[in-house]
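Observations on the model geometry
Okay, here's what each chain looks like letter by letter:
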Amino acid sequence: MALKKDLSIEFLGVKCENPFFLSSSPVCSNYDMIKKAFEAGWAGVYYKTLGIFIPDECSPRFDIGRKESAVWTGFKNMEQISDKPLEVNLEYIKRLKKEFPTKVMAVSIMGSDEEEWKILAKKVTEAGADIIECNFSCPQMTSSAMGSDVGQNPELVEKYTRAVVESTHLPVVAKMTPNIGNMEIPALAAKRGGASGIAAINTIKAITNIDLENLTAMPVVNAKSSISGYSGAAVKPIALRFITQLKQNEELKNMPITGMGGIETWRDALEFLLVGSGNLQVTTSVMQYGYRIVEDLISGLSHYMEDNGFEKVEDMIGLALPNIIPAEDIDRSFKIIPKINEEKCVGCGRCYVSCYDAAHQAIDWDKENRKPVINDNCVGCHLCLNVCPVLDCILPGEVKFKEGREIHEVILKHNYE
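Here the structure is a predicted model, which is why all the values come from computation and not from measurement.

1. Quick look at the pairing of strand β17 (residues 334-340)
Of all seven residues in β17, five are buried, a share of seventy percent or more. Here six bridges tie β17 to strand β20 (residues 394-401), and the two strands are oriented antiparallel to one another. Bridging across to β20, Phe 334 finds its partner in Phe 401.

Below, the structure is given as structure tokens:
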């Protein structure tokens, strides 16, 4: 049963009816699309990146990463910024803001030099934007003066951010590239330039598949292809890592973040909130399921809040951050021996094979009864728990402290749904 709680948030001083926005991408690139999205329940959009430059796009320009029965785990995109004239996009923005005054119109922009950034900032401000997002991160631009090449250059990030901030009264968000070792460096540069918030992460440079017919990457464009941006569920772990590091940086911890990168379910959305995202952006799941996915996001998050006593979305933001600590601070004084539920075990042998071939040969196989038995070689890595196809068949069991270590309370995880 659908449940709707008050999911309203305030992001950068802008009132939003919920935290769910479409990210700057093909899913929000014209009037009709955004009108439909607003009517479906999205609180706002980051309008597909506007520029002075109009790209000449290739065909085809999408590919997917698959695994077993999944429709796709990841999505490769060779599309650039908006292919519509700037004035057409500005007219769409004006019309949408007039017809949907309570919806939030964040507009992504990208210039190739300081003057273009200023022009774009002024024009989208005049058109009625609520927030400006500076796209320093698109990995498939055909010019090195734009996109992720700029985002890896802190001096340019600071310079262009300042140019935009000085050309508008609106809050400015800097969109970070993950194609870099340390995202905190350009994020700090954006902060010095006057950015009010950070957007993370954009797509990751990748090759999804090699086409065996034409011996090139996918998608195949006249027997050729190129490296470009990867998104979808496959990049969620990387997005959570970068956002966590941004929020744990002493100089950036109070910088609002709009998070994206693989949000498909309400649980994904919640995870982004728990590591400090105050606003959420979605694209790839809309490509699979349409705008109606927002109904599931709203309902699922509402049920979680109801079940766990949260009244406001803000009460959940960043709750996981204190518990994500440096590797050297992890408690290594014990091992947790898995416990196999013999009643649930189906005798498939997955745990035995994985442990013998890839871990510590800590599971013996009872051939007569087709049952796995954990032996004294177990180091508590829990590979068996992760490969078991039966929910809750293998769970954490006995805690054994290493020799010479002080015995103390150990909190276990029990719920693996």
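2. With respect to the packing of aromatic side chains
Taken as a whole, this structure holds 11 aromatic pairs when the rule is applied. Plain terms: the ring middles of Phe 334 and Phe 401 are 6.1 Å apart, the flat faces sit at 65° to each other, and that makes the pair edge-to-face. Highlighted residues: Phe 334 in strand β17 and Phe 401 in strand β20, separated in sequence by 67 residues. For Phe 401, a relative accessible area of 22% translates into the label partly exposed. The side chain of Lys 413 reaches across the aromatic face of Tyr 416, ending 4.8 Å from its centre.

3. Let's talk about the side chain of Glu 133
Note on placement: Glu 133 falls in strand β8 (residues 131-135). When its relative accessible area of 0% is taken as the criterion, Glu 133 is described as buried. Polar contacts involving the side chain of Glu 133 include one to the side chain of Ser 108, which spans 3.3 Å. Ignoring sequence-local partners within four residues, the contact set of Glu 133 consists of Ser 24, Tyr 46, Val 107, Ser 108, Ile 109, Val 173, Lys 175, Ala 199 and Gln 281.

4. Let's talk about the pattern of salt bridges
Oppositely charged side chains can form a pair if their charged atoms are brought close together. With the rule as written, the count across this model stands at 18 salt bridges. The shortest N-O distance in the salt bridge between Arg 292 and Asp 296 comes to 2.7 Å. For Asp 296, a relative accessible area of 38% gives the class partly exposed. Overlapping salt bridges, with partners in common, bring together Lys 48, Arg 61 and Glu 79 in one network.

5. Overview of helix α3 (residues 114-127)
For α3, built from 14 residues, the straight-helix expectation of 20 Å at 1.5 Å per residue is met to within 8% by its first-to-last C-alpha distance of 20 Å. The complete set of buried residues in α3 reads Glu 116, Trp 117, Leu 120, Ala 121, Val 124, Thr 125 and Ala 127. End-on, the buried residues of α3 take up no more than an arc of 160°, which puts them together on one face. For α3, the secondary structure elements touched by its buried residues are β4 (44-50), α2 (86-99), β7 (104-109), β8 and α5 (154-165). Two or three places before Glu 115, at the start of α3, stands the capping residue Asp 113, its side-chain oxygen 3.2 Å from that residue's backbone nitrogen.

6. Observations regarding the domain arrangement of the chain
Under the domain assignment, the chain is made up of domain 1 (9-323) and domain 2 (334-401). For domain 1 versus domain 2, the separation of C-alpha centres amounts to 41 Å.

7. A look at the environment of Ala 129
Mapped onto the secondary structure, Ala 129 falls in the loop between α3 and β8. Taking C-alpha positions, Ala 129 is 39 Å from Asn 222, a pair spaced 93 residues apart along the chain. When near neighbours in sequence (up to four residues on either side) are disregarded, Ala 129 contacts Met 105, Val 107, Val 124 and Leu 170.

8. Description of a nonpolar patch on the surface
Taken together, the side chains of Ile 207, Ile 210, Leu 212 and Ile 227 present a nonpolar region at the surface, about 430 Å² in accessible area. Position of Ile 227 among the secondary structure elements: in the loop between β13 (216-217) and β14 (228-231).

Cut-offs and rules
- Residues numbered from 1 in each chain as written.
- Predicted model: local features only at pLDDT ≥ 70, side-chain atom pairs only at ≥ 80, totals over all residues.
- Heavy atoms only, no water.
- Buried < 20%, exposed > 50% of the residue type's maximum accessible area, 1.4 Å probe, protein only.
- Helix = DSSP H or I, 4+ residues; strand = E, 2+ residues; numbered from the N terminus.
- Pairing = 2+ DSSP bridges.
- Phe/Tyr/Trp six-rings, centres within 6.5 Å; stacked < 30°, edge-to-face > 60°.
- Lys NZ or Arg CZ within 6 Å of the ring centre and 35° of its normal.
- Polar contact = N/O pair within 3.5 Å; in protein donor to acceptor, adjacent residues only side chain to side chain.
- Contact = heavy atoms within 4.5 Å.
- Salt bridge = Lys/Arg side-chain N within 4 Å of Asp/Glu carboxyl O.
- Expected span 1.5 Å × (residues − 1).
- Arc of directions from axis to C-beta.
- Domains from an automatic or database assignment.
- Patch = residues over 30% accessible without salt bridge, like charges linked within 9 Å, V, L, I, M, F, W, Y side chains within 5 Å.
- Areas by Shrake-Rupley, 256 points an atom, 1.4 Å probe, with all protein chains shown as cover.

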